[in-house]
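A look at the structure
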Amino acid sequence: MTGPLRCPDGGIGRRTSFRCWRSQGRGGSSPLLGTNAYQRTETLEKSSHRRSPESVCYGKLLREDGLTSSPKAQETVTYEHRGCYGKLLRDLPKSVHRRGRTLYYRKTLPADAQRLLNRLEIWRSLRTDSLTVAQRRLPLVAASIEAVIEEARAVAGAAVDETLLKPFGDDAGEGLSPVSAPSMQSLQPIRSLTLGEGYRSYIDDPTRAWTANTREAYETSRKLAIAVLGEETPLASISRAHCRDLLDVLRFLPANAGKVFPKLTPREAAARARVRGDIKIISAANANSLMSNMSSFLNWAVNEELLARNPARGLRLPDPVSKRDKRLPFSQQQLETIFNAPLYRGCADGERGYNEAGDMRPRNARFWVPLIALFSGARLGEITSLDTTDIREIDRIECIVVSERSLVGSTDKHLKTAVSDRVIPIHPKLVECGLLDFAAAKREAGETKLFDDIETGSTGSRPVVFSKWFTQFLRASGAHQPRTSFHSFRHNFRDELRAARVDHDIAMLLGGWTTGSSRSAVSENYGSGYRVEALNDAVVRLSFDQVDVRHLAAGAR
């Protein structure tokens, strides 16, 4: 059979030539208007005819090796169904949901059960990421939840379905042969932990390397949560309503409630403060901190599959004080008052008589820790945990080494963040005051801790003990002002860095401050950081004109 007739190239008129080309299915514009008249002719099919009658499963394409490169392989591949990706999403049975890689069953409770159980729904982990395994376990988990609902109704005196409470009690007489089933211990309903038991397990979790301060903070939060919500409250029943109730108590909880109202519960103390209105209550920041600890505990419970979700997430009080204004630097007057107190001018003794005028000038922790904080910007915990070997020469420059690593085997050194590990060149004014001689004398005496005269107290924490003493010192010396504390020295140091126009990266490094995402940028992994000489150049530029400590120079009287 002969092929299609060639259409004339011209001479018969544009309309006739165009019709000839269209009759052969070659479409497009007239060959006289730019179409190549000698291109290969073929009948064009509609796109719907060219498309494969079966939809492509893209998940299968990714799993088939060499599927597109081998025509033979393409001929042997068949697709089982259309829209297989959408089917994967629709395959989950009703009320089964995937959280991460684990499948969960969610049961929305009837209205009466919501009131009895004080929750809207119950989640149970199916403890697998396999849909096949989850479908086999689903009936057992669903039946256990129905039993929980019926038990709650029975306790409340409502009508119950005995079959749900004892689902197999009437099957004994049917003559069914007993079948020995494999152990299903992992799927049996587990007795729900109480709030007290769960919180204690959280605090005692060996995977958490907490400092003494952190552990004490969580212990305080635990006692408060138990006092408000009840120690025997089932952990699985903790709801949003419980968490809001706790937050409402925190809104009006008096400061030092245990000391001010020792015979009242936190709820009773908060109620009294709410009514009277003249009782000092904890700040919004403290309340939010306690609530944050509770939320962290509930997150742990979710990870341990003791709770389906965290009902405390996002609950916090509005804080009227901006973050910048929470702590202020000491004013010039406060600094003059602090470093001209009897402790620095001459006191009765370095212990109880530190605020009484006398002839003693003790060079102990109470003398040195505030000075080091002002001229180095170090945190209280970093200073109180210093070893005698942490005052040493690096690249011929005397430095304070802030690190968890110890040259003498100390185990009480803890840093707030990874960037807190740093080297701080010692300011000339600390050298003038005799810090290097003090550290050398400690080493010669065989001491390992620079400030071993700070007691650890009942909490086992030197910073806590010293912070309490310093607060008393501020009040006794007349330097106490709102929003100032020992941490204010760190704010003074930051202001000095600004006044000296120290490079921002060097300032952040000296203070051990994080700088957001830039610290984790790829470029931060290159090089070994700033040389000690560059850090020292920045430190010696800090003038500290607001405070005169010449009377504290070694040998000065």
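Here the structure is shown first, and the text comes after it.
Everything in this summary refers to the structure shown in the same document. (Residues numbered from 1 in each chain as written. Predicted model: local features only at pLDDT ≥ 70, side-chain atom pairs only at ≥ 80, totals over all residues. Heavy atoms only, no water.)

**Overview of the overall build of the protein**
The secondary structure content of the protein amounts to 24 helices and six strands. Of all 557 residues assigned to the protein, the portion counted as buried reaches 38%. A separation threshold of at least 6 residues defines the contact pool for the protein, and within that pool the share at least 24 residues apart is 60%. As presented, the protein carries roughly 33,700 Å² of accessible surface, and 50% of it is formed by carbon and sulfur atoms. (Helix = DSSP H or I, 4+ residues; strand = E, 2+ residues; numbered from the N terminus. Buried < 20%, exposed > 50% of the residue type's maximum accessible area, 1.4 Å probe, protein only. Contact = heavy atoms within 4.5 Å. Areas by Shrake-Rupley, 256 points an atom, 1.4 Å probe, with all protein chains shown as cover.)

**Digging into the pairing of strand S5 (residues 397-402)**
Here S5 lies mainly inside the structure; five of its six residues are buried. With antiparallel pairing between neighbouring strands as the criterion, strand S4 (residues 391-394) and S5 make up a hairpin whose turn holds two residues, including Asp395 at a positive phi of roughly 55°. In terms of strand pairing, S5 meets strand S6 (residues 422-425) through four bridges, oriented antiparallel. Across the sheet, residue Val401 finds its bridge partner in S6, namely Val423. (Pairing = 2+ DSSP bridges.)

**Notes on the pairing of S4**
Two elements, S4 and S5, share four bridges in a ladder whose sense is antiparallel. Of the residues in S5, the one forming a bridge with Glu393 is Glu398.

**Points about the packing of helix H11 (residues 240-251) against helix H13 (residues 266-276)**
As a packed pair, H11 and H13 sit with axes 8 Å apart at the nearest point and diverge in direction by 55°. The angle between the axes of H11 and H13 places the two elements in the oblique class. Judged by the sense of rotation from one axis to the other, the crossing of H11 with H13 is left-handed. Packed against H11, whose contacting residues are Asp245, Asp248 and Val249, the element H13 presents Pro266, Arg267, Ala270 and Arg274 at the interface. Broken down by class, the residue content of the contact of H11 with H13 amounts to three nonpolar, no polar and four charged. (Axes fitted to C-alpha atoms, helices over the stretch in contact; angles between N-to-C directions. Parallel < 35°, antiparallel > 145°, perpendicular 65-115°, else oblique. Left-handed = near helix turned anticlockwise from the far one by under 90°. Nonpolar A, V, L, I, M, F, W, Y, C, P; charged D, E, K, R; others polar.)

**Focus on H11**
The first and last C-alpha atoms of H11 sit 16 Å apart over twelve residues, in line with the 16 Å expected at 1.5 Å per residue. Those residues of H11 that fall on the buried side of the exposure criterion are His242, Cys243, Leu246, Leu247, Val249 and Leu250. The buried side chains of H11 occupy one side of the element, clustering within an arc of 155° when seen end-on. Looking at the buried residues of H11, the elements they touch are helix H10 (212-229), H13 and helix H14 (284-303). (Expected span 1.5 Å × (residues − 1). Arc of directions from axis to C-beta.)

**Here we look at the sheet that holds S6**
One open sheet holds the three strands; their spatial order is S4-S5-S6, and the pairing between them is antiparallel. Each edge of the sheet is formed by a strand with only one pairing partner; in this case those strands are S4 and S6. The sheet shows a mean angle of 45° between the axes of neighbouring strands, taken without regard to direction.

**What about unusual backbone geometry?**
Positive phi, close to 75°, is recorded for Ser95, a residue that is not glycine. As for its placement among the helices and strands, Ser95 is situated in the loop between helix H5 (84-90) and strand S1 (96-99). Non-glycine residue Asn256 carries a positive phi angle of around 55°. Looking at where Asn256 falls in the secondary structure, it is placed in the loop between H11 and helix H12 (257-260). Residue Asn256 is classed as exposed on the basis of its relative accessible area of 55%.

**Considerations on the side chain of Arg422**
Residue placement: Arg422 occurs in strand S6. Among the polar contacts made by the side chain of Arg422, one reaches the side chain of Glu382 at a distance of 2.9 Å. The residues touching Arg422, leaving out its near neighbours within four places in the chain, are Gly377, Ala378, Arg379, Glu382, Ile400, Val401, Val402, Arg490, Leu509, Leu510, Gly511 and Gly512. (Polar contact = N/O pair within 3.5 Å; in protein donor to acceptor, adjacent residues only side chain to side chain.)

**Remarks on the packing of aromatic side chains**
Inspection of every chain in the model, using the stated rule, returns 25 aromatic pairs. Here Phe297 and Trp300 contribute two aromatic rings whose centre-to-centre distance is 6.2 Å and whose plane-to-plane angle is 25°, an arrangement assigned as stacked. One end of the pair, Phe297, and the other, Trp300, are both in helix H14, three residues apart, so they sit about a helical turn from each other. An identical accessibility class is assigned to Phe297 and Trp300; each is buried. One Lys or Arg, Arg99, reaches over the ring of Tyr104 and ends 5.5 Å from the middle of that ring. The ring of Trp513 carries the charged tip of Arg494 above its face, separated from the ring centre by 5.8 Å. (Phe/Tyr/Trp six-rings, centres within 6.5 Å; stacked < 30°, edge-to-face > 60°. Lys NZ or Arg CZ within 6 Å of the ring centre and 35° of its normal.)

**Topic: the sheet that holds strand S3 (residues 121-125)**
With respect to topology, three strands assemble into an open sheet ordered S1-S2-S3, the strand pairing being antiparallel. Whereas interior strands pair on both sides, the edge strands pair on one side only; in this sheet they are S1 and S3. Direction aside, the axes of adjacent strands within the sheet are offset by 35° on average. Bridge analysis of S1 against strand S2 (residues 102-108) gives four bridges, and the strand direction is antiparallel. Its bridge partner being in S2, His97 is matched across the sheet by Tyr104.

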